[in-house]
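Secondary and tertiary structure notes
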Amino acid sequence: MGTDSKIRKRNLSGVSQIGIALEGNRSEVEHNTVFDTRVFDGIAVMGDRNEIEDNSITHSAESGILLQGNNNEVSENRINEAPIGILKASGSIGNVISGNRFFNTPITIKNPTSPSTLDN
């Protein structure tokens with residue numbers, strides 16, 4: 001993973017394959033507006049101890065927020081028109097997800113089962 005302290009605040013991103021992508025630790029992704037992500041996720045965060053807070057995400061092709069990593073905080077985001085609101089990658093642990101609002105989103109939070117816990 002990348003280094004810490006990458007801060008993404010108050011951006012406007014639309015009509016793209018992915019709205020905001022961040023690979024790093026101890027970063028903040030806050031107060032952004034992401035819309036019309038046509039291929040992947042509105043916001044994709046890969047790393048540990050990041051804060052994804054108070055973002056507005058509308059119309060994502062895969063998920064509003066893709067979360068891959070440990071001990072991240074995802075709170076107070078508004079996600080509208082996404083097949084999955086928040087998609088946690090297998091093996092991610094210790095993440096806190098709270099206070100998010102979902103509209104027109106059939107699956108609000110999806111936490112795939114880790115391959116090690118599947119029955120053979």
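Structure report, in brief.

A few points about the overall build of the chain
Counting its secondary structure elements, the chain contains zero helices and 15 strands. When the 120 residues of the chain are sorted by exposure, 38% land in the buried category. The long-range share in the chain, meaning contacts at least 24 apart out of those at least 6 apart in sequence, stands at 20%.

A word on the pattern of salt bridges
Per the stated rule, a full pass over the model turns up four salt bridges. The shortest N-O distance in the salt bridge between Glu30 and Lys9 comes to 3.6 Å. Here the residue Glu30 occupies a position in strand β4 (residues 28–30), and Lys9 occupies one in strand β1 (residues 7–9), the gap between them amounting to 21 residues. With relative accessibility at 38%, the residue Lys9 sits in the partly exposed group.

Some thoughts on unusual backbone geometry
Backbone geometry places Arg49, a non-glycine residue, at a positive phi of 55°. Mapped onto the elements, Arg49 comes out in the loop between β6 (43–46) and β7 (51–53). On the basis of relative accessibility, which here comes to 40%, the residue Arg49 falls in the partly exposed class. One non-glycine residue, Glu76, adopts positive backbone phi at about 60°. Here Glu76 shows up in the loop between β10 (73–75) and β11 (78–80). Judged by relative accessible area, which is 41%, Glu76 ranks as partly exposed.

With respect to the sheet that holds strand β14 (residues 101–103)
As summarised here, the arrangement of the five strands in space is β2-β5-β8-β11-β14, forming an open sheet in which the pairing is parallel. Bordering the open sheet on either side are β2 (12–16) and β14, each of which pairs with just one other strand. Looking at each pair of strands side by side, their axes are set apart by 10° on average, direction ignored. Pairing geometry for strand β8 (residues 56–60) and β11, over three bridges, is parallel. If you follow Ile57 over to β11, its bridge partner there is Ile79.

Brief notes about the pairing of strand β9 (residues 63–68)
Extensive coverage of β9 is indicated by the burial of five of its six residues. With four bridges joining them, β6 and β9 adopt parallel strand pairing. Residue pairing in the sheet places Met46 in a bridge with Gln68 of β9.

Thresholds applied
Residues numbered from 1 in each chain as written. Predicted model: local features only at pLDDT ≥ 70, side-chain atom pairs only at ≥ 80, totals over all residues. Heavy atoms only, no water. Helix = DSSP H or I, 4+ residues; strand = E, 2+ residues; numbered from the N terminus. Buried < 20%, exposed > 50% of the residue type's maximum accessible area, 1.4 Å probe, protein only. Contact = heavy atoms within 4.5 Å. Salt bridge = Lys/Arg side-chain N within 4 Å of Asp/Glu carboxyl O. Pairing = 2+ DSSP bridges. Axes fitted to C-alpha atoms, helices over the stretch in contact; angles between N-to-C directions.

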